[in-house]
Structure formats: C-alpha cells, structure tokens
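# Secondary and tertiary structure notes
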Amino acid sequence: MIISGAIICDAAGERSADIRIEEGIVTQIGENLSGGEIVPAQGCYLLPGLIDTNVRLKDGQLNRTNLEKLSRRALRGGVSTVVLASDTSPRIDNEITLEFVQQHCCLSGGATIESTVSALMDSGALSNIAIMLKKGSLAVHASGLDDYNLISRVAQYLKMADKPLFYKAEDKSLFESGVMADGAVASHLGLPGIGEMSEVVHVASMIEIARHFGIRIVFKSVTEPRTIEMISAAAREGVRVEAEVALHHLLKNDSACMGFDTDAKINPPLVSETKRLALIDALRQGQIASLTSLHQPNSDVHKDITFFDAAFGTTAIEEYLPLAYTYLIRTGIIGMEQFIALASSAPGSQVGIEAGKIEVGKKADLIVLDPSATTHVSHHHSLYKNEMLQGRVTMAICRGEVTRF
C-alpha cells in the first residue's frame, strides 16, 4: 500500500511525501512512489497513532462488550493504543482479570488495548505487583494513597521493575462529599465543592516519594496550576515526575456544569476559567508532559439523574483527535508536531512503547486525518454533544490492519 500526497507529521515535524507500507511496516518514504495499491491523501495529515493511558470502560464494567466498543471507538478517534486504568469492576489486580484484558487486546477494526495493574486489591492489601508486571501490565495504578508503609512497598516494586506509577492525586474523603470544583459556580448551583488541596497535598507528598526512591510517577489528569508548578520545579531538580492533563480541562471550565448538566460532572472536576487559562499557558510553556481524553462513559441510568447523584465521567475518545485539532491546533495554541509529542511520544515512553515517529523500518500504527472534513459529536452524554468539530479520521492502520471510516 502507498499513501500518496499526505502531510506526514510526527514529533519531529512536517513534510509532504508518499509512504509505502508492507506487512504492517513502513518500508519507504519518498516522492512519486508507485506500485501496488495507492491511497490518495492529498491535503490530509498522516500521523502516528495516539496513545491514551487514562481510559475507562462504560460504567467501569470489565467485559467483552465494553472492550470491543472501546477498541473501535478509540481507533475512530485516532487512538491506536489504549491503556486501561485498573479501577474497573472487577479490579485489574490479579492474573485472571489481566489475562481477560489480554485475550481481547487485538480486536479487529480497533485499537490495541493494554492495562495497568492496581497497586491495591479491593481489600486494601497490596496486590501481587511483581507478578502482574511480569505478565504484561505496563504500569502500576493508584489513587489517594495515605498509608506510607504501603506506598513505600509499592515504590520498592516499581524501582525493582523500572516501571512507572500512574497516580491520581485526590483526597477520597473530599470526593465522597463534593461533586464539582469549589468556587463561584458551585456556590451558585448550591452544590458541595471539592477544594484544590485535594490534589495539591497529595502531589506534594508523592513528589517526595519519587525523589526518595528514584521512581517515575506520572500524575494523572491534574487540574491545579499549583500542581503543575510543583511538578515542573521537581522535574528541573531531576526528580522523575510528570504531569498529565486531560483535554477537557484545557477546553472547558466549570461553567459547563450550569443547568446541572451531568455530562460536565467529571473526575477531576472542571475548574474555573482562570485556572483553565493557566493550564493553557502551562501547555504552551512545555510544563505538561502528556495529554489524555479521560474517557469515562456511563449509562443513562447513571447520568439521567440529579447532578449530586450522577456518576463522574464523560465519553470523549471517539472524538479525541478532532477535538484537539479543532480547539488546540487550528487555534494556534500548539502545533500538530507538539500535539503528537504530547499524545503519542510521551505517553508511549511512559509505558515502554516506542511511538510518535514515522520512519522507515517502524511499525505502521498510523492515522489519516482529513482537516477539511467535519465530525459531529452525536453522543448524548458527551461534554461536547452536538458540537461540529473540524477534522475527521478517515483511515487507520493498526497492527498492520487497515480500517476505513
């Protein structure tokens, strides 16, 4: 197969060329290539597949149907590799659940699905981290840890295996009572808020854990500008810490919750416009290491209820690339090559997957984006419902399989 006339863009920059793909491998990049099937792609971007390492299943339920839907929707959104958060039901904390995910990791017409392992079991005891990492889990996942004996033991396993900790910094006691970010909008709606200290204090303590043990910690979907400052300062000192930010917190603020719109109830919650702009500034300055769609879909029964009782989460992975193209790239906030670094190269490096480059000899995990086409957000429980986005994924090559949309 030859993809002809596309704008090839990876983390190294843009160039116009033809690309030959044979048996799932890029074998030639050049001008006026010929021979075999030719796919015209003039005016389209040819991009490395995105990697999203902070994804959840519908209602958190780990089953075949949900894995199939996620796999296909992810690829349609430009994501060729999905890494599941471990807080599913059942939790991914043992070999049986991990093996179930691995049995469904390469579904036809969909993205590759990988998994993290939960640091703790449902009982609160330490899971068998060493075995799970050897069996193929890509990272250890935890949130809101406050037992420093357990944290130290987790850190020792991570150091031994040289694997990262995916850490969601939150005070769980606050999330049990709060439903959105503390501030003027929460007060106006009469809803209990979640203060910034829920995130900031946990990040500060875990930075010191990373410093002491020399482990790599990726702070997942952070929202507080103070958090970004602390992580950036520690990274400059050589501490192996990184900040991941969700697309939602760059594109929307807490006013989306007005009218008690439960589709805007996400975890972590949307923040004020002032903080959103601070996150945009941090993105421009290179203080954010990676991005995520923070895909966490829910059934109607969990969303078509009062805001206080509704589940956290929104669907987003199917529109990930068009959302980023519309609101970050076309607006000039970041360039396409920077986006690929944030959404492919960096998350890939966090889980040991070489990604973000289109080169001869590399696997052809590739996405074709037509920037002149549009994508309509039709899902009724999307934060972006009914929006018309610029750009549409028209083709994907994943594990050598070609999927056209």
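Rules used throughout
Residues numbered from 1 in each chain as written. Predicted model: local features only at pLDDT ≥ 70, side-chain atom pairs only at ≥ 80, totals over all residues. Heavy atoms only, no water. Axes fitted to C-alpha atoms, helices over the stretch in contact; angles between N-to-C directions. Helix = DSSP H or I, 4+ residues; strand = E, 2+ residues; numbered from the N terminus. Parallel < 35°, antiparallel > 145°, perpendicular 65-115°, else oblique. Contact = heavy atoms within 4.5 Å. Nonpolar A, V, L, I, M, F, W, Y, C, P; charged D, E, K, R; others polar. Phe/Tyr/Trp six-rings, centres within 6.5 Å; stacked < 30°, edge-to-face > 60°. Buried < 20%, exposed > 50% of the residue type's maximum accessible area, 1.4 Å probe, protein only. Lys NZ or Arg CZ within 6 Å of the ring centre and 35° of its normal. Core = buried A, V, L, I, M, F, W, Y, C linked by side-chain atoms within 4.5 Å. Salt bridge = Lys/Arg side-chain N within 4 Å of Asp/Glu carboxyl O. Pairing = 2+ DSSP bridges.

## As for the packing of helix α7 (residues 197-213) against helix α8 (residues 225-236)
Put simply, α7 and α8 touch, their axes get as near as 9 Å, and they point 10 degrees apart. Between α7 and α8, the crossing angle belongs to the class labelled roughly parallel. Of the residues in α8, those touching α7 at E199, V200, V203, A204 and I207 are R226, T227, M230, I231 and A234. Taken together, the residues of the contact of α7 with α8 sort by class into 7 nonpolar, 1 polar and 2 charged.

## Let's talk about the environment of V82
With respect to the secondary-structure elements, V82 resides in strand β7 (residues 79-84). Taking the C-alpha atoms as reference points, V82 and R56, separated by 26 residues in sequence, lie 9.5 Å from one another.

## A few points about the packing of aromatic side chains
Per the stated rule, a full pass over the model turns up 3 aromatic pairs. The interplanar angle of 85 degrees and the centroid separation of 6.3 Å between the aromatic rings of Y167 and F219 together place this pair among those described as edge-to-face. Taken as a pair, Y167 in strand β11 (residues 165-168) and F219 in strand β14 (residues 217-219) lie far apart in primary sequence, 52 residues in all. F219 shares its class with Y167; the two are buried. Taken together, a centroid distance of 6.2 Å and an interplanar angle of 85 degrees make the contact between Y320 and F339 edge-to-face. A residue pair is termed long-range when its members are at least 10 positions apart, and Y320 in helix α12 (residues 320-329) and F339 in helix α13 (residues 336-350) qualify at 19 residues. A residue is classified by how much of its surface remains accessible, and Y320, at 0% relative accessible area, is buried. Here K220 stacks its cationic end above the ring of F166, 4.0 Å away from the centre of that ring. Sitting over the ring of F312, K265 keeps its end group 4.7 Å from the ring centre.

## Let's talk about the nonpolar core
Counting 100 residues, the largest nonpolar core has F219, L328, M336 and F339 as the members making the most contacts within it. Discounting residues that sit within four places of it in the chain, L328 has contacts with L247, L250, L251, I280, L283, L291, L323, I333 and I334. Counting 18 residues, the second-largest nonpolar core is a separate cluster that includes I19, V26, C44 and L46.

## Concerning the pattern of salt bridges
All chains considered together, the criterion is met by 23 salt bridges. For E242, the salt bridge is made with R216, and the minimal N-O distance between the two is 2.6 Å. In this pair, E242 sits in strand β15 (residues 241-246) while R216 sits in the loop between α7 and β14, placing the two residues 26 residues apart along the sequence. Since its relative accessible area comes to 16%, E242 is described here as buried. Between E229 and R226 there is a salt bridge, and its shortest N-O distance comes to 3.3 Å. Linking E229 with R226, this pair stays in helix α8, spanning 3 residues, or about one helical turn. Residue E229 is classed as partly exposed on the basis of its relative accessible area, which comes to 45%. Looking at R226, the relative accessible area reads 43%, which means it is partly exposed.

## Details of the sheet that holds strand β10 (residues 140-143)
One open sheet accounts for 6 strands, arranged β9-β10-β11-β14-β15-β16; its pairing is parallel. Edge positions in the open sheet fall to β9 (117-118) and β16 (290-292), since each of these has one partner strand only. Pairing geometry for β9 and β10, over 2 bridges, is parallel. In the strand pairing of β10, S118 is matched with H141. Its contacts with the sheet place α8 against β14 and β15, and it is angled at close to 150 degrees to β15.

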